[in-house]
Amino acid sequence: MDTVGFFGLLFGRCHGWLEIRLVPEGPGRVTLRFFPLPDGVAVAAEFALAASGCAHVFFGAEPRGCQRSGADAVVEASCLFADLDAGDFGGGAEEIDRRLAAFSPRPTLVTASGGGRHAYWVLAQPLGLQGTRRARLQEALWALADGLGVPPARNLAHDPPRLLRVPGTLNIKQRYDRPVPCEVLAAFPELRYAPSDFGDLVLAALERHPQRTGRRLAYA
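Keep in mind that this is a model prediction, so the values were computed, not measured.

A. Inspection of the sheet that holds strand 2 (residues 31-37) at higher detail. Ordered by their spatial adjacency, four strands build an open sheet running 2-1-3-7, and the pairing between neighbours is antiparallel. Only two strands of the sheet have a single partner each, and these edge strands are strand 2 and strand 7 (163-165). Ignoring strand direction, the axes of neighbouring strands in this sheet form an average angle of 30°. Alignment of strand 1 (residues 16-23) against strand 2, held across seven bridges, turns out to be antiparallel. When the bridges of strand 2 are listed, Leu18 appears paired with Phe35. Those strands touched by helix 1 (residues 3-11) are strand 1, strand 2 and strand 3 (56-60), and its axis lies near 20° from that of strand 3. Lying over the sheet, helix 2 (residues 41-50) contacts strand 1, strand 2 and strand 3, oriented at roughly 160° with respect to strand 2.

Laid out in structure tokens, this is it:
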């Protein structure tokens, strides 16, 4: 699956804006661009791919409701996601792949990030984040990471405004001998989920970490 197809699967039913962020490896200026959804996914992909190798290329995992970044800009969710760093697993990327293969529900998309894996569970319909839904989405993101074995300290990085790497671009961290490609490893477009499909995971995670909210939230 190419970058346009990836963005289309994630955001094809969304409105708002797709954020693309270019971050230099060393000193330099961070660039933000916003593309209208759903019609702007091809232009967003073109912009992202053109910067590959020159900067780290990230996208907002959830659509933005306006042309700015930050938690308040996220007003709906198109997917749930997990950021799995190979350094957090004793068996590295191979262990992550085994965990994802055995995990339920199965991710719609899995990408290589250069230093690990990103997994996405695409929702059948975008979920508005009014009222308590934002907290419920946060609990679901934590629950997925918990279930996959992400250490608690790293799990706290899973939040709605999260930026993840664009597949089709290069991870240019200096610690690598050479740029590492980010790419789609698995895609199952037929797998789309309702929020209630994650309810048991959320309750199990809250049993393990009740201090996160102080109350239980059934993700519905």
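B. Here's a closer look at the sheet that holds strand 10 (residues 183-187). Here we have four strands laid out as an open sheet, ordered 4-6-5-10, and antiparallel in their pairing. Among the strands making up the open sheet, the edge pair consists of strand 4 (76-85) and strand 10. Each strand of the sheet is rotated relative to its neighbour by a mean of 25°, with strand direction disregarded. Bridge analysis of strand 5 (residues 109-112) against strand 6 (residues 116-128) gives four bridges, and the strand direction is antiparallel. Paired with Leu109 across the strands is Tyr120, a residue of strand 6. Against the sheet, helix 4 (residues 133-148) contacts strand 4 and strand 6, and its axis sits at roughly 30° relative to strand 4.

C. Structural detail: the nonpolar core. Counting residues in hydrophobic clusters, the biggest one holds 55 residues, and the most contacted among them are Phe7, Ile20, Phe59 and Trp121. Top element by residues in this core is helix 4. It accounts for seven residues. If sequence neighbours within four positions are ignored, Ile20 has contacts with Phe7, Thr31, Leu32, Arg33, Phe35, Ala44, Phe47, Ala48, Val57, Phe58, Phe59 and Val166.

D. Expanded view of unusual backbone geometry. Residues Leu37 and Pro38 are joined by a peptide bond in cis, for which omega reads 0°. Considering the arrangement of structural elements, one finds Pro38 in the loop between strand 2 and helix 2. Note that the residue after Ser104, namely Pro105, is joined by a cis bond; omega there is 5°. Mapping Pro105 onto the fold places it in the loop between helix 3 (92-102) and strand 5.

Criteria and cut-off values
- Residues numbered from 1 in each chain as written.
- Predicted model: local features only at pLDDT ≥ 70, side-chain atom pairs only at ≥ 80, totals over all residues.
- Heavy atoms only, no water.
- Pairing = 2+ DSSP bridges.
- Helix = DSSP H or I, 4+ residues; strand = E, 2+ residues; numbered from the N terminus.
- Axes fitted to C-alpha atoms, helices over the stretch in contact; angles between N-to-C directions.
- Contact = heavy atoms within 4.5 Å.
- Core = buried A, V, L, I, M, F, W, Y, C linked by side-chain atoms within 4.5 Å.
- Buried < 20%, exposed > 50% of the residue type's maximum accessible area, 1.4 Å probe, protein only.

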